[in-house]
Amino acid sequence: MTIAEELLLLAYDKEGRPDVTMTWLDPAIAAAVLAELVVHGRVEMSGRRLRVRDQSRLGEDELDAALALMGAKSRRPVSCVQLLERHGLRRRLLTRLVTGGVLAETRGKALGFFPVKRWPEARPGGRAEIRARVAAVLGGAEPDPRTGTLIAILHADRYTRTFFPGYDDRRYKEVAEGGWAAEPVIRTVGVIADAALYAMAGE
């Protein structure tokens, strides 16, 4: 499961309804894809732009597709986020989670008239495992790169407290900027997380 898919699981409640706006979620999951590529050493900062430093495949369809989409051109971080979110990323990730048996897709009607879709958990435990892992880190455990990246994205967008209330703000910041990866990786992930905010504003 990608970091972006973990973020999606956190963003939907147990009935399969989003707890956040799509205006936030779409740039955030695009940022999560980019950040995971950084953690894997495929994308890096070049000046004030992001560029692909290694085109070799990771064997993960969405991450490999993002590498191909970015190509050889360096771009502003916000442009990279917008590039990925424009290509139906959220819907593809939801479909992957349904195909993998993690979520189910249900259809119904709101107010008896308006068609709606829901994505409840098909296999209980996935969301709880992610929440437990993040909560352990916020409670003082050492973060791994995966959890550190997830917290960094949530922290930059001020959604950490939405999903994980009750923790000291200093701990959110400490983890987001902490030693779960090499300093250039953490710094680049932070830049990408901030870029998601600008993408929400359409900048």
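What you see is a predicted model; the values in this text were computed from it and never measured. (Residues numbered from 1 in each chain as written. Predicted model: local features only at pLDDT ≥ 70, side-chain atom pairs only at ≥ 80, totals over all residues. Heavy atoms only, no water.)

1. Brief notes about the pattern of salt bridges
Here the structure, examined in full by the defined rule, presents 22 salt bridges. Measuring nitrogen to oxygen at the nearest pair gives 3.9 Å for the salt bridge that ties Asp54 to Arg42. Of this pair, Asp54 sits in the loop between strand S2 (49–52) and helix H3 (61–70) while Arg42 sits in the loop between helix H2 (22–39) and strand S1 (43–46); the two residues are 12 residues apart in sequence, bridging distant segments of the chain. Among the residues examined, Arg42 registers a relative accessible area of 12% and is labelled buried. (Salt bridge = Lys/Arg side-chain N within 4 Å of Asp/Glu carboxyl O. Helix = DSSP H or I, 4+ residues; strand = E, 2+ residues; numbered from the N terminus. Buried < 20%, exposed > 50% of the residue type's maximum accessible area, 1.4 Å probe, protein only.)

2. Points about the nonpolar core
In terms of nonpolar packing, the biggest core is built from 65 residues, with Leu7, Trp24 and Leu154 touching the most fellow members. Tallying contributions element by element places H2 first for this core, with 12 residues. Dropping the residues within four chain positions of it, Leu7 is found in contact with Trp24, Ala28, Ile29, Ala32, Leu150, Ile153 and Leu154. (Core = buried A, V, L, I, M, F, W, Y, C linked by side-chain atoms within 4.5 Å. Contact = heavy atoms within 4.5 Å.)

3. Considerations on the layout of surface pockets
Considering only enclosed or pocket space, the largest pocket measures out at about 190 Å³ in volume. Lining the largest pocket are Ala152, His155, Ala156, Arg158, Ala176, Glu177, Ile186, Arg187, Gly190, Ala193 and Asp194. Those elements that place two or more of their residues in the lining of the largest pocket are helix H7 (145–156) and helix H10 (183–200). It is H10 that provides the largest number of residues to the lining of the largest pocket, a total of 5 residues. (1 Å grid on protein atoms, 1.4 Å probe; cavity = no way out; pocket = protein on both sides within 12 Å on 5 of 7 lines; lining within 4 Å. Points joined across faces, edges and corners; volume = space filled by probe spheres on them.)

4. Here we look at the environment of Ala28
Topologically, Ala28 is positioned in helix H2. Separated by 166 residues in sequence, Ala28 and Asp194 have C-alpha atoms that sit 9.6 Å apart. If near-sequence neighbours (up to four positions away) are discounted, Ala28 is found in contact with Leu7, Ile153, Asp157 and Ala196.

5. Side note on the pairing of S2
Covered by surrounding structure in S2 are Leu50 and Val52 only, the residues Arg49 and Arg51 on the alternate face being uncovered. Note that S1 and S2 share 4 bridges and pair antiparallel. Within the sheet, the bridge partner assigned to Met45 lies in S2 and is Leu50. (Pairing = 2+ DSSP bridges.)

6. A closer look at helix H1 (residues 3–11)
Because the α-helix completes a turn every 3.6 residues, residues three or four places apart line up on one side. Taken across its 9 residues, H1 has 9 buried, putting it largely inside the fold. Buried within H1 are the following residues: Ile3, Ala4, Glu5, Glu6, Leu7, Leu8, Leu9, Leu10 and Ala11. Looking at the buried positions of H1, the neighbouring elements they touch are H2, helix H5 (89–99), helix H6 (126–138), H7 and helix H8 (160–163).

7. As for the environment of Thr160
Structurally, Thr160 can be placed in helix H8. In sequence terms Thr160 and Leu10 are 150 residues apart; their C-alpha atoms lie 11 Å from each other. Contacts of Thr160, omitting those with residues within four sequence positions, involve Ile151, Leu154, His155, Pro165 and Tyr172.

8. Let's talk about the side chain of Glu62
Assignment of secondary structure puts Glu62 in helix H3. If we ignore the near neighbours within four places in the chain, the residues touching Glu62 are Leu89, Arg92, Leu93 and Arg96.

9. Focus on the packing of aromatic side chains
For the coordinates displayed, the defined rule picks out 2 aromatic pairs. Judged by centre distance (6.0 Å) and plane angle (75 degrees), the rings of Tyr12 and Trp119 are edge-to-face. Taken together, the residues span a long stretch of sequence, with Tyr12 in the loop between H1 and H2 and Trp119 in the loop between strand S4 (114–118) and H6 at a distance of 107 residues. For the residue pair Tyr12 and Trp119, the accessibility class agrees, reading buried in each case. Positioned above the aromatic ring of Phe164, the side-chain terminus of Arg131 is 4.8 Å from the ring centre. (Phe/Tyr/Trp six-rings, centres within 6.5 Å; stacked < 30°, edge-to-face > 60°. Lys NZ or Arg CZ within 6 Å of the ring centre and 35° of its normal.)

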